[in-house]
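Tertiary structure, described
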Amino acid sequence: MIQKIQPPDWAEPKGYANGILARGSLLFVGGQIGWNAQQQFESDDFIAQTRQTLLNIAAVLKAGGAGPEHMARMTWYIVDRVEYLARLKELGAVYREVMGRNFPAMTCVQVAALVEERAKIEIEVTAVVPD
């Protein structure tokens with residue numbers, strides 16, 4: 001069971017939840033980046049890497065018996081805040097394409113760099129699969 005938590009007097013967030021209450025088995029998805037299953041980058045474009053990153057997360061969720069609807073928390077690490085903000089509309093479209101309208105509690109942080117030099121984004125997820 002996953003339930004969105006929203007304080008009654010707060011504005012409704014767009015594209016994320018302020019809180020999630022969940023019960024079940026925890027599935028931790030390690031930081032995924034925008035390379036393919038052979039650990040090769042196919043693009044240096046931010047949106048293309050984000051799409052691949054989300055596809056990688058979906059694949060790990062599926063392997064663990066879960067889906068995007070089981071995500072409780074996402075942490076996004078980006079290397080360029082300006083590009084992230086400038087491309088929010090494209091980002092939203094690719095997110096919905098891969099993850100649907102499942103919006104867990106999210107955090108987004110700009111970092112100086114990621115371990116893989118070509119990576120522009122890394123995302124980690126905590127999912128809860130109902131018992």
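Residues numbered from 1 in each chain as written. Predicted model: local features only at pLDDT ≥ 70, side-chain atom pairs only at ≥ 80, totals over all residues. Heavy atoms only, no water.

Considerations on the overall build of the chain
Heads up, the rule is: The helix and strand labels rest on DSSP assignments: H or I over at least four residues marks a helix, E over at least two residues marks a strand, and numbering proceeds from the N terminus. A simple rule labels every residue: compare its accessible area, found with a 1.4 Å probe on the protein chains alone, to the largest value its type can have, and call it buried under 20%, exposed over 50%, or partly exposed in between. Only heavy atoms enter the contact rule, under which two residues are in contact if any of them lie within 4.5 Å.
Broken down by element type, the chain carries three helices and six strands. For the chain, the α and β elements follow one another from N to C terminus as β-β-β-α-β-α-α-β-β. Taken along its principal axes, the extent of the C-alpha atoms in the chain is 40 × 35 × 25 Å. Relative to its full complement of 131 residues, the chain shows a buried share of 38%. Residue pairs at least 24 apart in sequence account for 76% of intrachain contacts in the chain once pairs closer than 6 positions are excluded.

A few points about the sheet that holds strand β3 (residues 25-33)
To keep it simple, the criterion reads: Any two strands are treated as partners once DSSP identifies two or more bridges connecting them. Lines are fitted to the C-alpha atoms to define the axes, a helix being fitted only along its stretch in contact, and any angle between axes, read from their N-to-C directions, falls within 0 to 180 degrees.
Read across the open sheet, the four strands follow the order β3-β6-β4-β5; overall the sheet is mixed. The strands lining the two open edges of the sheet, one partner per strand, are β3 and β5 (105-110). With strand direction ignored, the average angle separating the axes of adjacent strands in the sheet is 10°. Most of the contacts of helix α1 (residues 46-63) go to β3, to which it runs at about 150°, and overall it touches β3, β4 (71-78) and β6 (121-129). Running over the sheet, helix α3 (residues 88-99) touches β4 and β5 and is turned about 140° from β4.

Let's talk about unusual backbone geometry
With phi around 60°, Q39 is a residue other than glycine that occupies positive phi space. With respect to the secondary-structure elements, Q39 resides in the loop between β3 and α1. With relative accessibility at 54%, the residue Q39 sits in the exposed group.

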